[in-house]
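Residue-level listing of the chains:
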There are 2 protein chains.
Amino acid sequence: MAKIAIMGFGTVGGGVAKVLEMNQAQIAAAVGEEVSLKYILDVRDLSGTPYASQGIHDFSIIENDPEVEVVVECIGGAKVALDFTRRALQAGKHVVTSNKELVATHGKELLSIAKVRGVNYLFEASVGGGIPVLRPLFQELAANQIEEIVGILNGTTNYILNRMVKGGISFADALKEAQANGYAEKDPTADVEGIDACRKICILSDLAWGREVSPDLVSAEGISSIHLHDVSIAAAAGYRIKLLGRAFRLDDGRQCAYVAPHLVPESCPLAMVDDVFNAIMVRGNAVGDVMFYGRGAGALPTASAVLSDVMDAVRSRDKRRSLGWSQSAQLLDAAEVEARWYLRGSFSPADAAAVLDGPESIGEGAVITAPMNFARAKEAAEKLGAVAMLRVL
Amino acid sequence: MAKIAIMGFGTVGGGVAKVLEMNQAQIAAAVGEEVSLKYILDVRDLSGTPYASQGIHDFSIIENDPEVEVVVECIGGAKVALDFTRRALQAGKHVVTSNKELVATHGKELLSIAKVRGVNYLFEASVGGGIPVLRPLFQELAANQIEEIVGILNGTTNYILNRMVKGGISFADALKEAQANGYAEKDPTADVEGIDACRKICILSDLAWGREVSPDLVSAEGISSIHLHDVSIAAAAGYRIKLLGRAFRLDDGRQCAYVAPHLVPESCPLAMVDDVFNAIMVRGNAVGDVMFYGRGAGALPTASAVLSDVMDAVRSRDKRRSLGWSQSAQLLDAAEVEARWYLRGSFSPADAAAVLDGPESIGEGAVITAPMNFARAKEAAEKLGAVAMLRVL
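Keep in mind it's a predicted model, so treat the numbers as computed, not measured. (Residues numbered from 1 in each chain as written. Chains lettered and ligands numbered in written order. Predicted model: local features only at pLDDT ≥ 70, side-chain atom pairs only at ≥ 80, totals over all residues. Heavy atoms only, no water.)

Caption draft 1: Expanded view of the side chain of His262 of chain A. Residue and element names in this part refer to chain A. Positionally, His262 belongs in strand E11 (residues 255-265). What makes His262 buried here is its relative accessible area of 1%. Only 3.2 Å separates the side chain of His262 from the side chain of Tyr258, close enough to count as a polar contact. Within polar-contact distance, the side chain of His262 engages the backbone oxygen of Ala260 at 2.8 Å. Ignoring anything within four residues of it in the chain, the contact list for His262 reads Arg240, Ile241, Lys242, Leu244, Arg391, Val392 and Leu393. (Helix = DSSP H or I, 4+ residues; strand = E, 2+ residues; numbered from the N terminus. Buried < 20%, exposed > 50% of the residue type's maximum accessible area, 1.4 Å probe, protein only. Polar contact = N/O pair within 3.5 Å; in protein donor to acceptor, adjacent residues only side chain to side chain. Contact = heavy atoms within 4.5 Å.)

Caption draft 2: Up close: the interface of chain B and chain A. Each partner contributes residues to the interface: chain B has 45 residues there, and chain A has 45 residues. Between chain B and chain A lies a buried interface of about 3600 Å² when both sides are counted; carbon and sulfur atoms form 53% of it. Sorting the residues of chain B by area buried against chain A places Glu140, Ala143 and Tyr293 of chain B first, and these three jointly supply 18% of that buried surface. For the pair chain B and chain A, the interface holds 0 salt bridges. Run the count over chain B and chain A and you get 15 residue pairs in polar contact (both at pLDDT 80 or more). For the side of chain B that touches chain A, the secondary structure elements donating two or more residues are helix H1 (11-22), helix H2 (24-31), helix H6 (134-138), strand E12 (277-284), strand E13 (288-295) and helix H12 (299-315) of chain B. In terms of residue class, the side of chain B that touches chain A is made up of 25 nonpolar, 11 polar and 9 charged. Inspection of the sheet shows strand E13 (residues 288-295) of chain A paired to E13 of chain B by 3 bridges, in the antiparallel sense. Within the sheet, the bridge partner assigned to Tyr293 of chain A lies in E13 of chain B and is Met291 of chain B. (Buried area = accessible area lost by both parts, 1.4 Å probe. Salt bridge = Lys/Arg side-chain N within 4 Å of Asp/Glu carboxyl O. Nonpolar A, V, L, I, M, F, W, Y, C, P; charged D, E, K, R; others polar. Pairing = 2+ DSSP bridges.)

Caption draft 3: A look at the packing of aromatic side chains. This structure, assessed with the given rule, holds 15 aromatic pairs over all chains. Their ring planes at 75° and their centres at 5.9 Å tell us that Phe123 of chain A and Trp325 of chain A sit as a pair that is edge-to-face. Of this pair, Phe123 of chain A sits in the loop between strand E6 (121-122) and helix H6 (134-138) while Trp325 of chain A is found in the loop between helix H12 (299-315) and strand E14 (326-328), placing the two residues 202 residues apart along the sequence. Here Phe123 of chain A falls in the buried class, since its relative accessible area comes to 3%. For Trp325 of chain A, a relative accessible area of 6% corresponds to the buried category. The interplanar angle of 5° and the centroid separation of 4.3 Å between the aromatic rings of Phe59 of chain B and Phe84 of chain B together place this pair among those described as stacked. Of the two residues, Phe59 of chain B sits in helix H3 (residues 59-63) while Phe84 of chain B sits in helix H4 (residues 80-90), which places them 25 residues apart along the sequence. Considered together, Phe59 of chain B and Phe84 of chain B belong to a single accessibility category, that of buried residues. The rings of Tyr121, Phe123 and Trp325 of chain A are connected pair by pair, giving a single aromatic cluster. Above the ring of Tyr258 of chain A, the side-chain terminus of Arg391 of chain A is found at 4.4 Å from the ring centroid. (Phe/Tyr/Trp six-rings, centres within 6.5 Å; stacked < 30°, edge-to-face > 60°. Lys NZ or Arg CZ within 6 Å of the ring centre and 35° of its normal.)

Caption draft 4: Region of the structure containing the environment of Ser326 of chain B. Residues and elements named next belong to chain B. Along the polypeptide, Ser326 turns up in strand E14 (residues 326-328). What makes Ser326 partly exposed here is its relative accessible area of 38%. For Ser326, the residues in contact, after removing those within four places along its chain, are Lys108, Gly210, Arg211 and Glu212. Among the polar contacts made by the side chain of Ser326, one reaches the side chain of Gln327 at a distance of 2.4 Å.

Caption draft 5: Focus on the sheet that holds strand E1 (residues 2-7) of chain B. All names here are of chain B. Read from one edge to the other, the open sheet built from 6 strands follows the order E3-E2-E1-E4-E5-E6, with strand pairing classed as parallel. Edge positions in the sheet fall to strand E3 (55-56) and strand E6 (121-122), since each of these pairs with one other strand and no more. Where E1 lies against strand E2 (residues 35-41), 6 bridges are found, and the strand directions are parallel. If you follow Met7 over to E2, its bridge partner there is Leu41. On top of the sheet, H1 reaches E1, E2 and strand E4 (68-73); it is set at about 155° to E1, its chief contact. (Axes fitted to C-alpha atoms, helices over the stretch in contact; angles between N-to-C directions.)

Caption draft 6: Spotlight on the sheet that holds strand E4 (residues 68-73) of chain A. Residues and elements named next belong to chain A. Read from one edge of the open sheet, 6 strands run E3-E2-E1-E4-E5-E6, paired in parallel fashion. Looking at the sheet topology across the chains shown, the edges are occupied by strand E3 (55-56) and E6. Looking at chain direction, strand E5 (residues 94-97) and E6 are connected through 2 bridges and run parallel. Bridged to Val95 within E6 is Tyr121. Lying over the sheet, helix H1 (residues 11-22) contacts strand E1 (2-7), strand E2 (35-41) and E4, oriented at roughly 155° with respect to E1. Strand contacts of H12: E1, E2, E4, E5 and E6, with the helix running at about 160° to E4, the strand carrying the most contacts.

Caption draft 7: Summary view of helix H5 (residues 100-117) of chain A. All names here are of chain A. Its 18 residues place the ends of H5 only 22 Å apart at the C-alpha level, less than the 26 Å of an ideal helix rising 1.5 Å per residue. By the largest-angle criterion, His106 marks the main kink of H5, which is about 80°. Where H5 is concerned, the buried positions are Leu102, Val103, Ala104, Gly107, Leu110, Leu111, Ile113 and Ala114. Of the surrounding secondary structure, the elements contacted by the buried residues of H5 are E4, helix H4 (80-90), E5, E6 and helix H10 (195-209). At the exit of H5 stands Gly118, carrying a positive phi of roughly 70°. (Expected span 1.5 Å × (residues − 1). Bend = angle between axes of the 7 residues up to and from the residue.)

Caption draft 8: How the structure looks around the relation of the copies chain B and chain A. Relative to chain A, chain B is turned by 180° and slid 0.0 Å along the rotation axis, the superposed coordinates differing by an RMSD of 0.0 Å. Taken together, the rotation and translation describe the operation of a two-fold axis. If distances are taken from each C-alpha of chain B to the rotation axis, the shortest is found for Phe292 of chain B, at 2.5 Å. A shared binding surface is used by both copies, with 100% of the interface residues of chain B retained as interface residues in chain A. (Least-squares fit on C-alpha atoms with pLDDT ≥ 70 in both.)

Quick look at the structure:
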């Protein structure tokens, strides 16, 4: 029997306990032994709940109990979670988490502690919730050189954009609706400003190319300034506006990662990802494009990914996954990357043609440019008095 | 250094050799040692090719060479491939394959030989080509009870249906085009009659629920009788016609698997899978719906999956994957499953309403019924003189 502990008993922690109970027999059969929940560490008092006998308030009980093999960190943030994760790894315990902030900012250090101690630090649930994507990157797609990753990494913003497209309502109203439905937090900044998606594209880059990409160095633009008018023009021209995280590697070894809203052509499978769903497209030099789609958040989907990591840790307890990333990546500024741009203003097709090389008109006062970098697009936008400027995938 | 042998040097075998060469450094770094191709077994003479020094004609060379750890079977079919696979496993070698016919018909036996000999028999490439889907089923989704699997499992038929939808051409013309483009074989029976998709849904069922589902017992209907007229009516009503393999488990433990063309609503991500792409949707009781999308065939994508299995076999050479299925599943006949049905004939809405409970009219002489089993739908179709009858997803 393998004993585990959960730290932090909010949405994800509660989901992990619930799925562990619900699928106990299934999990035991797959692992070859029972997986049992010994402790739940939380500031709250769990007496009076079904978890009364497992509830504890003192981390050192977990740290000092040699029976606990795997610790599930669902605390969130990068303060207490960082301290407890370090100590759990140092105590020789495998740690599993869905904490993207911690992995994106301290993953390198935590993976190197895990390596020294011969244990695993696993975080499938940190990107794409329940969608298998990190393990496929280093396992099922391991025979490929990864060329590019592009994905809808945040369900809240996808829900809001979808409501703007299909409901014809403004960003502000769609956000209110998302909050009312529990899809957006009271302070929605991390979601709507692209901070959450930025952490995730960093983790994907770290794993795909083995070099650390720090969120601080990655430009992230959110969706709070997307106008309904642009959503409509794009839709009429066969595009959906999506918030994408994108990362790729150049032939010279430099990498680029950024988060920004894009016009996505309807022929791209990412365009059809609706509601709170996430999807991540990975391009490998042998496999071509593969896409992983599913629920990017929620208690049970996230618990599905957390528990698959727990099961992996137990099954391979004597064999560490050679997972990790080391020196920092050489980054190319996203502003240097050539892209086609959507510009909208009160200019005429003739105005646009005077400033741009062969602009494609896609609506009144709206064009898509030929590929160019940010500075050139910005300059053209200023000359034309454009009020909206977005990348095109 | 790990030495491997390829048996059968056609499209897939050639792709494996090519990707192994192309991504040598990548693969060595991920495995922790070099993976080197020692033999290529083929009836053809490879002298004069870059593989002259590896070419052999006698299987016993591989069988008797203790240096060969992994054998890649790309022979196809279930005769020679079966014999050589049995013997390779019995000789204590891991075997990796993309041969869906062999896995679907003899997987149980081959996996049990592998178990006895303490080696792996791996076949990620047998379903969905390069798309990671089998390993996610028993690994990343292992904390779930799998409820249902439904997928576009055959690229040839998806290409043909897509050309009918978008090009407005008949099945016969689309098939000719597919053959001209190398997407369909000279004898297209296995693809267009659903035999290939049937093998794949059997393998998915075997793995998802651990009980053998024999292709002989699974009803498979192809697309050769799909009329362009039905494609158009469906499109106008917001549906795409797709050939789906579908499998699910009932609460009483019985399973059902079948292959048939379906009307798929455009809101379902499977509807948007175009060209030769495949997509497999898996529903787990924790994760909900996840979908895996990519190229379901082709030399390099298939080689990507084959090599990920080779790498897994090498990395876990001392630890066998507990993979396998045993006794036969208790099967529910697909005809017993209630479905909504599309019926088309020269009947009027009043005719339909007289025979059916609340039919939904979706075009002239075309309705979608309430859920009912095959026999009841067939009876209604006969009363109405319907000339087309298709399932609705």
